[in-house]
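These are the residues of each chain, in order.
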Amino acid sequence: MTPVTRLEVLGLYRKIFRIAKKWQSASGQIEETIKEKEYIKSEAKTLFRKNKNVTDPKLIKQCIEECEARIEIGLHYNIPYPRPIHLPPMGLAHKQGRTLRHQEKLRKISKPIYLKSHDEVS
């Protein structure tokens, strides 16, 4: 990891914890605010620790973009949790064969960047 990339990643980590410190839930309830703050902190710790040994520059860039996207979406909608995606169920494909592989490929491609690592951790 280059020094510039390292500083960028550490800056994002600090930014997340600053956001968590100032976070207010949409409902305004104290219990919910505390729960959301804890979620933000634990999610950040989990994902940053999971990716601490990543050395591929393209993968590092993808992780940084995902982090920035999740921060912006969370601040915009005032929801710390990843926004769900709505894809059609895979009930149309047979249990094996070309159609199933094609649908799996389309689902993987259509997954937004801010959810790439969410399913792996959850």
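Conventions adopted
- Residues numbered from 1 in each chain as written.
- Predicted model: local features only at pLDDT ≥ 70, side-chain atom pairs only at ≥ 80, totals over all residues.
- Heavy atoms only, no water.
- UniProt positions renumbered as here; feature names shortened; annotations may be inferred.
- Helix = DSSP H or I, 4+ residues; strand = E, 2+ residues; numbered from the N terminus.
- Buried < 20%, exposed > 50% of the residue type's maximum accessible area, 1.4 Å probe, protein only.
- Areas by Shrake-Rupley, 256 points an atom, 1.4 Å probe, with all protein chains shown as cover.
- Patch = residues over 30% accessible without salt bridge, like charges linked within 9 Å, V, L, I, M, F, W, Y side chains within 5 Å.
- Salt bridge = Lys/Arg side-chain N within 4 Å of Asp/Glu carboxyl O.
- Lys, Arg positive; Asp, Glu negative; His and termini not counted.
- Charge placed at Lys NZ, Arg CZ, Asp CG, Glu CD.

If you check an unreviewed UniProt entry, the protein appears there as LYRM1 protein from Chroicocephalus maculipennis. According to UniProt, the comment filed for the protein under the heading Sequence similarities (unreviewed entry) is "Belongs to the complex I LYR family."

Undergrad: Give me the overall build of the protein: which residues, what numbers.
TA: Per the secondary structure count, the protein includes 5 helices and 0 strands. Within the protein, the proportion of its 122 residues that are buried is 28%. On the protein, roughly 9,100 Å² of surface is accessible, and the fraction owed to carbon and sulfur atoms is 58%.

Undergrad: Please provide a residue-by-residue account of unusual backbone geometry, values included.
TA: You will see that Asn 78, though not glycine, has its phi angle at about 60 degrees, which is positive. Residue position: Asn 78 is located in the loop between α3 (57-77) and α4 (98-110). Taking the relative accessible area as the measure of exposure, Asn 78 reaches 26% and is therefore partly exposed.

Undergrad: Describe a positive patch on the surface, and please don't skip the residues or the numbers.
TA: A grouping of Arg 14, Lys 15, Arg 18, Lys 21 and Lys 22 is seen on the molecular surface, where their side chains present a positively charged patch. Looking at the secondary structure, you find Lys 21 in helix α1 (residues 3-22). In this structure Lys 21 comes out as exposed when scored by relative accessible area, which is 67%.

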